[in-house]
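Each chain, letter by letter, is given below.
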Amino acid sequence: MTELVEHGQLFIGGELVDPLGKDVIEVVSPHTGRVFARVPHAAPADVDRAVATARKAFDEGPWPRMTLDERIEVITKIKDAIAVRHEEIARVISSENGTPYTSSVMVQALAAMMVWDAALTVARDFTYEEARDGALGKILVRREPVGVVAAVVPWNVPQFTAAAKLAPALLAGCPVILKTSPEAPLDAYILAEIATEAGLPKGVLSIISADREVSEYLVGHPGVDKVSFTGSVGAGKRVMEVAARNLTRVTLELGGKSAAVILPDADAASAVAGIVPFAWMINGQACVAQTRILVPHSRYDEFAEAFAAAAGALKVGDPLDPATELGPLVAKRQQQRSLDYIRIGQEEGAKILTGGGRPAGLDEGWYVEPTLFGGVDNSMRIAREEIFGPVICLLPYGDESEAVKIANDSDYGLSGSVWTADVERGIDIARRVRTGTYSVNTFSLDMLGPFGGYKNSGVGREFGPEGYGEYFEHKMIHLPSGHEGTGA
């Protein structure tokens, strides 16, 4: 029997301390369905302590007052340490959320390191103060750190989303309280070790795990200046509602129902090979997953057969087995959600082309077969609602205009792709689809460009100078007549 992993303390202001509450989070293995770890459940008093520590660090501490080069030195050490420990991080996250280990190495660990690295590049090139000609004379425009940040991250890519918030916030000079998901709290203890060893000053970082009630307490805390949240649309709306009581600034990265548009001239082998990994990525539990695949009527049968064969060939099993390509869902509720949508799809008249149930031989854990529905109409619930599981829809279309119309006919607008022999034609499609990120003949998420969504997919941006700018306030200083501002 595997030894139980136990952490008895919380990381508050750079130190491991005893929790003020007595509640415990039991972490359940998605592979076995059994408890394999326990961590403290933060109480409201722990949140108060973390916010007070961060508040003092911002108002009085050295971190916001260090030079950019001094902060860069510390963040570079964090980035380098993640690279060194990436295999350990990948194994822990695979154990928590079921991501296949071979995928986890890149998606869960090295991609997080790349986020830290990209943030360093952006910070070096960012304009913090500039002189302008105003309408009434010379002005200085300054960008100053927004203050104490509450960063709330999900269980599907915990280190990646943590990096997307921590790296820019810390480089900007902001202390952070990182709130992890109860399903995936273990990898954050590695991050706490790394931050401490890198020399991050006391008070600048706290890491807690808690349920929705305590999370709301953090988001609504008057000592917090900004909330950065990644999660579901429903939870995001609640975050905005609670934060609005204090007019707290928010960035929301929410759900998606992204469309991969295959044009009639696309090479079938390339399109299928390019889409499948990003339709079923993280076992279908990715906000950017290409969950609606749009194919021309003229080639529907060809693509239906090819995608069904590719999905059906995915090896399902233990996430720590190097041969596994699709692991279990994170929790029993997520497994049931996928199975419910599979039933709904059948009731709506869609046809299962492959999958549709629990994999044979996997009687424990939260497994669902990679499932592909054919003959899907975009009005069906399986095409409109984010399932967050390994359930993908194949939708036929007539001409290019109809393909764009179907892609845009969604409450979401986070990601998408187009596959074609004519790259310029693909770029034209990309310009017409209302979504925050788009790829032509590939799938990519570049950390030096802005990432975020249209419509219900979010508010604000992460990555690039646009995402970095979310952690600053803008100040205008009017200069006296005859004085020339120089900026900094």
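You'll find the structure just up there.
Before going into details, it helps to say that this report is about the structure given with it.

## Thoughts on the nonpolar core
Right, on to step 1. Membership of the largest hydrophobic core comes to 67 residues, with the highest contact counts inside it found for W116, L166 and L170.
Right, on to step 2. Every element with two or more residues in this core is listed here: α2 (68-84), α3 (86-97), α4 (101-125), β8 (149-152), α5 (158-172), β9 (176-180), α6 (187-198) and β10 (205-209).
Right, on to step 3. Broken down by element, the residue count for this core peaks at 13 residues, all from α4.
Right, on to step 4. Every residue in contact with W116, bar those within four places of it in the chain, is listed here: I75, I78, K79, I82, A163, L166, A167, L170 and L191.
Right, on to step 5. The next biggest cluster of nonpolar side chains, apart from the first, holds 30 residues, and it includes V148, I208, L218 and Y412.

## What about α6?
Given 3.6 residues per helical turn, the α-helix brings residues three or four places apart onto the same face.
Right, on to step 1. Given a rise of 1.5 Å per residue, 12 residues ought to cover 16 Å, and the 17 Å separating the end C-alpha atoms of α6 matches this to within 8%.
Right, on to step 2. Extensive coverage of α6 is indicated by the burial of nine of its 12 residues.
Right, on to step 3. All of the buried residues in α6 are D187, A188, Y189, I190, L191, A192, I194, A195 and A198.

## A short note on the sheet that holds strand β6 (residues 129-133)
Right, on to step 1. On the basis of which strands lie adjacent, the open sheet formed by three strands has the order β6-β7-β23 and antiparallel pairing. Each having just a single partner strand, β6 and β23 (472-478) make up the two edges of the open sheet. This sheet shows a mean twist of 25 degrees between the axes of neighbouring strands, independent of strand direction.
Right, on to step 2. Relative to β23, strand β7 (residues 138-145) runs antiparallel, the two being bridged by seven bridges. By the bridge assignment for β23, P145 is matched with F472.

## Here we look at the sheet that holds strand β4 (residues 24-28)
Right, on to step 1. Taken together, three strands build an open sheet; the order of strands is β1-β5-β4 and the sheet is mixed. With one partner strand each, in any of the chains shown, β1 (5-6) and β4 form the two edges of the open sheet.
Right, on to step 2. Across two bridges, β1 lies against strand β5 (residues 35-40) in parallel orientation. Looking across to β5, one finds that V5 is bridged to A37.

Rules of the game
The residue numbers shown here count from 1 along each chain, following its written sequence. The predicted origin of the model limits local features to residues at a pLDDT of at least 70 and limits the giving and counting of side-chain atom pairs to 80 or more, whereas totals for whole chains, interfaces and linings rest on all residues. Values reported for side chains reflect all heavy atoms of the structure, with hydrogen atoms and water molecules removed beforehand. Here, nonpolar core means buried Ala, Val, Leu, Ile, Met, Phe, Trp, Tyr and Cys residues that are tied together by side-chain atoms lying within 4.5 Å of each other. When a residue's accessible area, from a 1.4 Å probe over protein chains only, is under 20% of the maximum for its type it is buried; when over 50% it is exposed; and in between it is partly exposed. A helix here means a DSSP run of H or I that spans at least four residues, while a strand means a run of E at least two residues long, and both kinds are numbered starting from the N terminus. Note on definitions: a residue-residue contact is assigned when non-hydrogen atoms from the two residues lie within 4.5 Å. Helix span, expected: 1.5 Å multiplied by one less than the number of residues in the helix. Between any two strands, at least two bridges found by DSSP are needed for them to pair. Note on geometry: axes are C-alpha line fits, over the in-contact stretch for helices, and angles between N-to-C directions span 0 to 180 degrees.

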